[in-house]
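Listed below, chain by chain, are the residues.
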Amino acid sequence: MRPPLPKPSARPINIKQSAPINLQSSFAEEQWIITANLARQRYRATKDPYYLAVEVAAKSQSDNVADRSAGKAAVEKMIKDNVVVTDVDALDLYEFACSHVDIKYPETIGVLRIRLVKASPKDQKACTRCFDACVWNSDWKNAQQIAASLNKTFAADRKLLFRYIMTTHLYSLSRECPEASRKIFASLAKAQADKAFDLRTDIYGLEGLHRANLAEPEEWVWLEIRIAHCSSKENLELFKKNGCTPLNFLHAGRYEPFCRIVKYLQEHGESDELFRIGKVILEDSITALQPDIECFEKNEEITRLRKLADDTINKGSPEQILSVKADLRQAIISARPGRNIKDHCSIVVSYEHKLLKTWADAAKRQADPKRALKQLGNLIEKLSRNLKRAQSLRPIAEVTLELISLDIKVSRASLAYPGPNPCITSRIIALVKHVVKNCENPTSLDEATVLIRQLGTTETSTFLGVFKTIAAQCDDAFKRYLLTSICLKIWYIVATNTGLACKFCRTEWTGHGCRLCLKEITAIALDSYQSGLEDDSLIQDITSRQSTNPLSDISVIGAMSLLRLAGLGNPRAPHGASSLYNADIPLFMQAVLWLDSCRDLSPYVSTDHSVVLVKLYILMGCVSRARVIWEGFDVKNALLDSLGLLFIDRLSSISPGHFMGSSRSNPVEPFMNHFTREFKTTIPKKIMDSLEEQTYSSIPDIIEYAERHAASCSVVLAMVEERRGARMKANKAEIAIDDRPLVRDLSIEHELQDVTDYKVFSLSNGASDEASNHSIIHSGPLPTGNRAHLGLLAERFLDLVCYVQPKEYKPPKAGRVIQLDWEYALATSSRLEKDMRTLMPTIDSSLSEKEQVEQFRQQELVAKSLTSSELWYHGIVRRLASMVKDIVGSGILKAPTNDSRDRIRSTIEEILRGLEMQTNDFLAVPQSHHSKLHGFHGFAALHAMGMLRETIIVLKHTVNYLTITSEKAKTVDKLRSQAELAWFTPELRKMTAAVAVSEKSVKTRISQLQGYLDNMDGWRDRLCDWVFGKYAIVVDNEKEFKNEVCQKMQAIVPKDNAEKWTDDIGNSWRELIKGWAIVKFD
């Protein structure tokens, strides 16, 4: 189920120019009390209802709680009394008055809008303003009715017709449209669109096309409605009839409708039709280029300039070469014959990668795929030659055509039997040539990597062997290192891809990767990196290019290999534990130092280089160091949703100090600003602009973008991180989470997804989430909807137990208010406990076997999305919600029974066991670690400490809440015996004592870490010893390899850089512990 979109902000509003100046100025200056008084006086004098609306609007913006609901109350009364507000300015004010309260717009303001339109249908300006207001608030129901009225009244205005069609279509798809009415509005939208498109049945009973004079966006509207509301059989038949085929649209210059029909055919598996269309387009393009070729070959001036250009390249100066090329280019432009729309569009789409890939995929699904692929390959080769001869082959078109030709060659070769021991097959040759030629094009390399994965074991080994030889023999230094980095990247992907054995060396896998290949990749990467640093010409070349750095790529590949060898992502490690659990810390530190040193020495590093380094620093607790690198990205708003969680996920539990400063320094603040601005203003404005500019095709994309944002884990997890960080400083959040519009309406029925763009990691090995490169360096499992929902539920529970009634609030019937508070607490805790149990079920033996299996599957799903400390935390919060429900429901609102007491005592015992196990989990140190590494393990286990502190806080707040509730019950009902309400006091004391033990363990760990950092010189020596010294090789039996790595690290990292690096780490840790030292526990 899709989450609802948050409510947009109030639209800008001004007082009428006819109003008194003092009223206008006070409203503009937001002096709401003065404005309300002036408007009241003006209303008494004039009896103009407009000033009554001004008064209500001003009162609704004041700090008085009762006045803030004035707008809602006024609107609800007008709805009930069937009042028609005929002044659109007054209606705008009532809408403004309701901007801070929770109302259902279609049932309140939207109803008043439609009443105004029905009362004044010929007032186009007022009706259009009402339409705009409904669109701004996503009220498609009333927007559709207003658009229908405008179209009926002003039938000659074509823009109003298509607004009517578009809003009818959008309302039929919206969640507000009742199921019973959905088909009616869908049929209405289809009928209106067909009428506008002039699609009708002729006298012979055959549906034919008699196209009206429509613009391309209008044709797109018709097409989108047909696709959404007609059966696939009906659409597929229509799209094959003359006048409605994709080729008809393309030949008319309608690119968007053409692409939409092609996509539809692809979705419905129409491979034969797609293959036919592709062949026709390629053949038409080849034919359309022939006049250009003949013209250029007969043109004497062009022939002369071509010969002159060839001579100048060999003998002339750079200035002469540029001059001749410019003359040749101008001569070609002047001589080129004109093209009609059909030829132009056919040529343009003939080298578009997405479409060519569609034709190639369709060819693979033909009855005779070998023959179809051969035909398509011949056409593409002929097209490429003709484009070149016609001087129309752009670089991007050349790469695209080469890539598709390569795909076809690989596919054709895979259909042929290569024999039991294939050597250098045709597809290996084609792949090697393509990769070498396009070594500086990342997109082309990514596509080629997909094809390389299709190779068999022997072919893979042969390909890498041939490629390594070519890379080593390259004369140009920059290209040699670039080819080496590509070779190592492909080798790494092969060595870490899923399977039982390595496709390169055939060694059986242990863990997630081939250790033999990873060691060799590391050794080659270190050697290549060292020799590259010593090559001055290479460094100058990298500096001049500022776009590609093979040394950065080599260091990333080598570092990732070291991380794999260190044991990150080891499937044998306890699930939910830190990636550094049982990891080889010296190898891990060597990877970090290598990447950091390369970043300092190189003028430019790749994006994934910096992202990997950020993740590794967060993993080891150096958050301030990670933040410096992260802020160097200058991540813009558009990238926050797709990249932001790479930095902020679980950050509050690792480094609370970063959340204790001003809002500007809060790492989550940019998220809140971005998402608030997007939902409140940017998205509604884009939709209104699209309707105004008649760019209808962009509206569904905007709505989809908004719904994808609303369903993103990023919004919820950023909110949870912000609140956890605030609790580290003040023990509770200032604003209840249900008062935050971005997440207020979310429930567990709403599906949330992780939309992080992990493609930023160029070393994508195609492995599962648990074995992927981005997963092994993340602080725990990747974000999921389940984790986001559990975080939201925990925050709602904390709001319940943290609420304190304001001291100045003294109700006349205090006992009745307390009774209502208990009823609310019972309802809220019951709902939260039910939702948490749904997400984290316990196996119920009374259920059927099928239902138990489903519960077990949900348990596994949730466990895989949480760290072990998060699992303990959410399990304890669920039991606390159950305890509050039972105590309030069976101990406060009514007298407890023996059964209810036993049930509550049992729940408390489970909570205490959970707290004890979470504390032990936090204190545990992997046995394989040497004593010197215990200090480092403390910095690597900060997330566990942060989540234990969260558990301590939620337990303290719950105990305090229940204590206060008990005292209130004794005060309200004095006839109840003390024993009746005091039975659970000893149980609460047990919880308090257990919390004190866990709190002491956290404070002790903080003191230990502070003690470790007191001797910073000792830490500097220890870190250098891990990456350079003998200590790195004494805790493992792979001494020869580790010794080799240590020696090479000494060669590639200058001593000054290493010492600076250790100082940076020490300073980062010191800043982190300084933040932990001021965390509140009271």
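Criteria and thresholds
- Residues numbered from 1 in each chain as written.
- Predicted model: local features only at pLDDT ≥ 70, side-chain atom pairs only at ≥ 80, totals over all residues.
- Heavy atoms only, no water.
- Helix = DSSP H or I, 4+ residues; strand = E, 2+ residues; numbered from the N terminus.
- Buried < 20%, exposed > 50% of the residue type's maximum accessible area, 1.4 Å probe, protein only.
- Contact = heavy atoms within 4.5 Å.
- Salt bridge = Lys/Arg side-chain N within 4 Å of Asp/Glu carboxyl O.
- pLDDT = per-residue confidence, 0-100.
- Axes fitted to C-alpha atoms, helices over the stretch in contact; angles between N-to-C directions.
- Parallel < 35°, antiparallel > 145°, perpendicular 65-115°, else oblique.
- Left-handed = near helix turned anticlockwise from the far one by under 90°.
- Nonpolar A, V, L, I, M, F, W, Y, C, P; charged D, E, K, R; others polar.
- Core = buried A, V, L, I, M, F, W, Y, C linked by side-chain atoms within 4.5 Å.
- Phe/Tyr/Trp six-rings, centres within 6.5 Å; stacked < 30°, edge-to-face > 60°.
- Lys NZ or Arg CZ within 6 Å of the ring centre and 35° of its normal.
- Expected span 1.5 Å × (residues − 1).
- Polar contact = N/O pair within 3.5 Å; in protein donor to acceptor, adjacent residues only side chain to side chain.
- Bend = angle between axes of the 7 residues up to and from the residue.

Some points on the overall build of the protein chain
Helices and strands together make up the secondary structure of the protein chain, namely 51 helices and two strands. If you line up the protein chain on its principal axes, its C-alpha atoms span 110 × 90 × 65 Å. Per-residue burial over the protein chain gives 53% buried out of 1082 residues. Restricting to contacts in the protein chain with at least 6 residues of sequence separation, those with at least 24 account for 74%.

As for the pattern of salt bridges
Oppositely charged side chains are able to pair whenever their charged atoms sit close together. Going through the model one piece at a time under the given rule, you end up with 60 salt bridges. Between R254 and E219 there is a salt bridge, and its shortest N-O distance comes to 3.0 Å. With R254 in the loop between α14 (246-251) and α15 (255-267) and E219 in helix α12 (residues 216-229), this pair connects stretches of sequence that are 35 residues apart. Accessibility expressed as a relative area gives 1% for E219, which makes it buried. Between K357 and D407 there is a salt bridge, with its nearest N and O atoms 3.5 Å apart. Of this pair, K357 sits in helix α20 (residues 353-364) while D407 is found in helix α22 (residues 395-415), placing the two residues 50 residues apart along the sequence. Of the residues examined, K357 reaches a relative accessible area of 25% and is grouped as partly exposed.

Some details on unusual backbone geometry
One non-glycine residue, K47, lies in positive phi territory at about 60°. As for its placement among the helices and strands, K47 is situated in the loop between α2 (32-46) and α3 (49-60). Accessibility expressed as a relative area gives 58% for K47, which makes it exposed. Positive phi is not limited to glycine here, since R650 has a value of about 65°.

Thoughts on the environment of K122
Mapped onto the secondary structure, K122 falls in the loop between α7 (109-119) and α8 (124-136). In this structure, the C-alpha to C-alpha distance between K122 and K468, residues 346 residues apart in sequence, is 77 Å.

Section: the confidence of the model for the protein chain
Summing up the model confidence of the protein chain, the mean pLDDT is 86 and the portion of residues at 70 or higher is 92%. With pLDDT under 50 throughout, residues 200-212 is counted as low confidence; its partners more than four residues away or in other chains account for 26 contacts.

Some points on the packing of helix α44 (residues 898-923) against helix α46 (residues 942-972)
The N-to-C vectors of α44 and α46 enclose an angle of 155°; their axes lie 9 Å apart at closest approach. Taken together, the axis directions place α44 and α46 in an arrangement best described as roughly antiparallel. In this structure, α44 crosses over α46, and the sense of that crossing is left-handed. The segment α44 lies against α46, with I911, L915, Q918, T919 and F922 engaging A944, M945, M947, L948, T951 and L955. The residue inventory of the contact of α44 with α46, partitioned by class, reads eight nonpolar, three polar and no charged.

A word on the nonpolar core
With 315 residues, the main nonpolar core has F588, M589, F797 and F936 as its most contacted residues. With sequence-adjacent residues up to four places away left out, M589 is seen in contact with M620, F936, L1023, W1026, V1027, W1061 and I1065.

Description of the packing of aromatic side chains
Going through the model one piece at a time under the given rule, you end up with 16 aromatic pairs. Plain terms: the ring middles of F239 and Y264 are 5.7 Å apart, the flat faces sit at 90° to each other, and that makes the pair edge-to-face. Highlighted residues: F239 in the loop between α13 (232-238) and α14 and Y264 in helix α15, separated in sequence by 25 residues. Across this residue pair, the class does not change: F239 and Y264 are buried. Seen from their ring centres, F588 and F936 are 6.3 Å apart, and the 55° between their planes marks the pair as tilted. Residue F588 is located in helix α30 (residues 585-601), and its partner F936 is located in helix α45 (residues 934-940); the two are separated by 348 residues in the primary sequence. An aromatic cluster is defined as three or more aromatic residues linked by ring pairs; in this entry it consists of F588, F936, F939 and W1069. One residue, K47, lies across the ring of Y43, its end atom 5.9 Å from the ring centre. One cation-aromatic arrangement involves K468 over W491; the distance from NZ or CZ to the ring centre is 4.5 Å.

Some points on helix α38 (residues 713-730)
Between the first and last C-alpha of α38 there are 26 Å, a value that for 18 residues agrees with the 26 Å anticipated at 1.5 Å per step. For α38, the tally of buried residues reaches 15 of 18 residues, placing the bulk of the element in the interior. Where α38 begins, one side-chain oxygen reaches toward the backbone nitrogen of S714, 3.0 Å away; that side chain belongs to S712. Positive phi shows up at N731, right after α38, with a value of about 75°.

Thoughts on the packing of α38 against helix α40 (residues 785-802)
Running from N to C, α38 and α40 cross one another at 40°; their axes reach a closest spacing of 9 Å. Between α38 and α40, the angle is such that the two are oblique. As for how α38 packs across α40, the hand of that crossing is left-handed. Side by side, α38 and α40 meet where C713, V716, L717, V720, R723, R724 and R727 of the first sit next to G785, R787, A788, G791, L792, E795, L798 and D799 of the second.

Points about the environment of F467
Here F467 lies in helix α25 (residues 457-473). Here the alpha-carbon distance between F467 and I486, two residues 19 residues apart in the chain, equals 9.2 Å. Those residues in contact with F467, other than ones at most four positions away along the chain, are V432, V435, V436, L483, I486 and C487.

Quick look at the side chain of S26
Looking at the secondary structure, you find S26 in helix α1 (residues 21-28). Within the structure, S26 has its side chain in polar contact with the backbone oxygen of L23 (distance 3.0 Å). A polar side-chain atom of S26 sits 3.0 Å from a polar atom in the side chain of T35. Among all residues touching S26, those that are not within four sequence positions of it are Q31, I34, T35 and L38.

Notes on helix α16 (residues 271-298)
With 28 residues, α16 ought to run about 40 Å at 1.5 Å a step, and its terminal C-alpha atoms sit 41 Å apart, in line with that. Remark: the principal bend of α16, roughly 30°, maps to Q290, with a proline, P291, within the next four residues.

Observations regarding the environment of Q852
With respect to the element layout, Q852 can be found in helix α42 (residues 849-865). Judged by relative accessible area, Q852 falls into the partly exposed class, the value being 24%. Remark: the alpha-carbon pair of Q852 and P841, spanning 11 residues in sequence, is separated by 9.7 Å. The residues contacting Q852, other than those within four sequence positions of it, are I843, D844, S845 and L847. Here the side chain of Q852 touches L847 through a polar contact of 2.9 Å, landing on its backbone oxygen.

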